[in-house]
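Each chain, written out:
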Amino acid sequence: GDSVTQMEGPVTLSEEAFLTINCTYTATGYPSLFWYVQYPGEGLQLLLKATKADDKGSNKGFEATYRKETTSFHLEKGSVQVSDSAVYFCALSDPYNQGGKLIFGQGTELSVKP
Amino acid sequence: DVKVTQSSRYLVKRTGEKVFLECVQDMDHENMFWYRQDPGLGLRLIYFSYDVKMKEKGDIPEGYSVSREKKERFSLILESASTNQTSMYLCASSTRTGNTEAFFGQGTRLTVV
């Protein structure tokens, strides 16, 4: 079945450093791809999404590009802040093959130090 | 502005008890999900419902069942709670196409003693 694989954490960065969190997926159809974020003590919320190949999702300085040729959706941010410390989840949903089932990766914990 | 509500934030139950976790959404979403979240394992799908009375098993359905009698409500049932079901349980809902944002509840931290 469909699956999502993320780079393992935790990731520790200094403020203003460049962030990349790798995400690759396996899907038989044409999924939509998502990044969700979970701040400490809170529920998950959508960070950004892309619904077709070559789309770029962006929000709050984060961005990710849907690469069908490499089945990837890596999350990037040019300059992280302490407030970005959270757990980041890559996810996919394939409405035509899985009826909209939302499948997550294992999550990557990010810690940003001042 | 509440969209997905889980009935309890914290629950403590005894081994062997039957446990009900309730989830209600107010967005008229077709899809609803139950996940459990454990450190290092991410979010694992327990069950998925795409319509009233319709359900699909996720990756880890053993020991769980679900009920969806009304569109807005999706219940997770632990038939006989065990200590290895101690976890954070998250409910979510989304539109039928699944290519829009899914909304999550705040989670229920269940401890089975």
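Residues numbered from 1 in each chain as written. Chains lettered and ligands numbered in written order. Predicted model: local features only at pLDDT ≥ 70, side-chain atom pairs only at ≥ 80, totals over all residues. Heavy atoms only, no water.

Colleague: Honestly, the overall build of chain B in this entry has me stumped. Any pointers?
Modeller: Within chain B one finds zero helices and 11 strands. Sequence-ordered secondary structure for chain B, helices as α and strands as β, is β-β-β-β-β-β-β-β-β-β-β. A compact globule built from 113 residues would reach a C-alpha radius of gyration of about 13 Å, and chain B, at 13 Å, matches this within 12%. Considering only C-alpha atoms, chain B reaches an extent of 40 × 25 × 25 Å along its principal axes. Going through the 113 residues of chain B one by one, you find that 47% of them count as buried. Long-range pairs, those at least 24 residues apart, make up 55% of the contacts in chain B between residues at least 6 apart in sequence. When the accessible surface of chain B is totalled, it reaches about 5,400 Å², and 50% of it is carbon and sulfur. Computing the positive centroid from 16 side-chain charges and the negative centroid from 15, chain B places the two 5 Å apart. (Helix = DSSP H or I, 4+ residues; strand = E, 2+ residues; numbered from the N terminus. Rg over C-alpha atoms; globule rule 2.2 N^0.38 Å. Buried < 20%, exposed > 50% of the residue type's maximum accessible area, 1.4 Å probe, protein only. Contact = heavy atoms within 4.5 Å. Areas by Shrake-Rupley, 256 points an atom, 1.4 Å probe, with all protein chains shown as cover. Lys, Arg positive; Asp, Glu negative; His and termini not counted. Charge placed at Lys NZ, Arg CZ, Asp CG, Glu CD.)

Colleague: Please explain the packing of aromatic side chains as it appears in this structure.
Modeller: Geometry of an aromatic ring pair is reported as the spacing of the ring centres plus the angle between the planes. Under the defined criterion, the tally for this structure stands at 13 aromatic pairs over all chains. Consider the rings of A:Phe104 and B:Tyr35, whose centres lie 5.3 Å apart with planes at 90°: the pair is edge-to-face. Of this pair, A:Phe104 sits in strand 11 (residues 102-104) while B:Tyr35 is found in strand 4 (residues 31-38), placing the two residues in two different chains. Residue A:Phe104 is classed as buried on the basis of its relative accessible area, which comes to 8%. Take B:Tyr35: its relative accessible area is 0%, and that puts it in the buried class. Relative to B:Phe104, the ring of A:Phe104 has its centre 5.9 Å away and its plane inclined at 70°; by these criteria the two rings are edge-to-face. (Phe/Tyr/Trp six-rings, centres within 6.5 Å; stacked < 30°, edge-to-face > 60°.)

Colleague: Sorry, what's going on with the state of the cysteines here?
Modeller: Each disulfide is one covalent bond, formed between the sulfur atoms of two cysteines. Residues and elements named next belong to chain B. In total, this model carries two disulfides over all chains according to the counting rule given. Note on cysteine connectivity: cysteine 23 is disulfide-linked to cysteine 91, with sulfurs 1.9 Å apart. Across the disulfide from cysteine 23 to cysteine 91, rotation about the S-S bond amounts to roughly -80°, and the bridge is consequently left-handed. Linking cysteine 23 in strand 3 (residues 19-25) with cysteine 91 in strand 9 (residues 87-94), this pair joins segments that are 68 residues apart in sequence. Grouping residues by exposure puts cysteine 23 and cysteine 91 together as buried. (Disulfide = S-S within 2.5 Å.)

Colleague: Whenever I open this one, the sheet that holds strand 8 (residues 62-65) of chain A confuses me. Can you help?
Modeller: In sheet architecture, strand pairing relies on hydrogen bonds along the backbone and comes in two forms, parallel and antiparallel. Residue and element names in this part refer to chain A. Strand order in the open sheet formed by four strands is 3-9-8-7, and the pairing between neighbours is antiparallel. Whereas interior strands pair on both sides, the edge strands pair on one side only; in this sheet they are strand 3 (19-21) and strand 7 (56-59). Within the sheet, the average angular offset between the axes of one strand and its neighbour, ignoring direction, is 15°. Pairing geometry for strand 3 and strand 9 (residues 75-77), over three bridges, is antiparallel. Residue pairing in the sheet places threonine 20 in a bridge with glutamate 76 of strand 9. (Pairing = 2+ DSSP bridges. Axes fitted to C-alpha atoms, helices over the stretch in contact; angles between N-to-C directions.)

Colleague: Can you help me understand the sheet that holds strand 1 (residues 4-6) of chain B in this one?
Modeller: All names here are of chain B. The four strands are arranged 1-3-8-7 in an open sheet whose pairing can be described as antiparallel. Looking at the sheet topology across the chains shown, the edges are occupied by strand 1 and strand 7 (64-70). Strand-to-strand twist in this sheet, taken as the mean axis angle between neighbours without regard to direction, amounts to 20°. Summarising the sheet, strand 3 and strand 8 (residues 73-78) pair through six bridges and their orientation is antiparallel. Paired with leucine 21 across the strands is leucine 76, a residue of strand 8.

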